Amino acid sequence: MLKNFLIGIPIRNFENPMSRLEDILTVEKRVELSKGMFENIVKSFKNDDTKIVCISNDALVIDYCKNNEIETFSSNKNGLNSELEEFLDSYEYKYWTICHADLPYLNNFYAQEWIKECKSSQIVICSSKDQGTPLLGGNFKIKKLIYGENSFDKHMKIFLKENLKIKKSFNKEFSFEIDDEEDFKNFLQNRPRWSKNLKL
């Protein structure tokens, strides 16, 4: 059955994830946390109309997805933006989203609300504290992505130039990423239900 809503979740690797936390978390705990967040995101977005794909060239990630029945996409391109552009160009869909894999507070309610927003908006975008783009999607098929430093501002500039109708979302569930030690400490003080069994 053709699913209308495509969701891509890029993951670099499970060998040394979340490297900015290496001074406070062992690699084993960082891997456990990364897998936990990824699983939660997949479960949150899952419904009858979503096709959820992990974008990675890492053998450990691909094997993990295979064992958990999560589709993967591997690109021959170099660089995240080229990989994501190839991913979006490789599927048929009406609506789409690119989601970072380190959003600990995303849950089913907010994920389904995001899906509704994307179905009714050309572009839906949110910004992280460092001006990144943790969630991006919509019903307008785009050809160019600019992830990296200050990606939120760069994406906005492109979308405004194309006269697209843009909806900005400011929900914590869409924008809070575990990106540094301060984020992790905040996460420990407000742990979501899915993380309660993690030994961090």
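Now for a quick tour of the structure. (Residues numbered from 1 in each chain as written. Predicted model: local features only at pLDDT ≥ 70, side-chain atom pairs only at ≥ 80, totals over all residues. Heavy atoms only, no water.)

1. Brief notes about the layout of surface pockets
So, point 1. Looking at the largest pocket, its volume works out to about 1,100 Å³.
So, point 2. As for the largest pocket, its lining consists of 33 residues, of which Pro-10, Arg-12, His-100, Asp-102 and Asp-179 are closest to the centre.
So, point 3. Those elements giving two or more residues to the lining of the largest pocket turn out to be helix 1 (27-45) and helix 3 (80-89).
So, point 4. The element that contributes the greatest number of residues to the lining of the largest pocket is helix 3, accounting for 4 residues.
So, point 5. Of the volumes computed, that of the second largest pocket is approximately 410 Å³. (1 Å grid on protein atoms, 1.4 Å probe; cavity = no way out; pocket = protein on both sides within 12 Å on 5 of 7 lines; lining within 4 Å. Points joined across faces, edges and corners; volume = space filled by probe spheres on them. Helix = DSSP H or I, 4+ residues; strand = E, 2+ residues; numbered from the N terminus.)

2. Thoughts on the nonpolar core
So, point 1. If you look at the biggest cluster of nonpolar residues, it comprises 28 residues, and the most contacted ones within it are Ile-9, Ile-11, Phe-38, Phe-45 and Leu-135.
So, point 2. In this structure, Phe-87, Ile-98, Ile-142 and Phe-152 belong to the second largest nonpolar core, which totals 22 residues. (Core = buried A, V, L, I, M, F, W, Y, C linked by side-chain atoms within 4.5 Å. Buried < 20%, exposed > 50% of the residue type's maximum accessible area, 1.4 Å probe, protein only.)

3. Some points on the pattern of salt bridges
So, point 1. All told, the structure shown has 8 salt bridges when counted by the stated rule.
So, point 2. Here Asp-89 makes a salt bridge to Lys-143, at a shortest N to O gap of 3.6 Å. One end of the pair, Asp-89, is in helix 3; the other, Lys-143, is in the loop between strand 6 (135-138) and helix 5 (151-161), with 54 residues separating them in the sequence. With respect to class, Asp-89 is no different from Lys-143; both count as exposed.
So, point 3. In this structure, Glu-117 and Lys-167 form a salt bridge, with 2.8 Å as the shortest nitrogen-oxygen distance. Within this pair, whereas Glu-117 is found in helix 4 (residues 108-120), its partner Lys-167 is found in strand 7 (residues 166-169), the two being separated by 50 residues in sequence.
So, point 4. Residues joined by salt bridges that share partners form a network here, namely Lys-129, Asp-180 and Asp-183. (Salt bridge = Lys/Arg side-chain N within 4 Å of Asp/Glu carboxyl O.)

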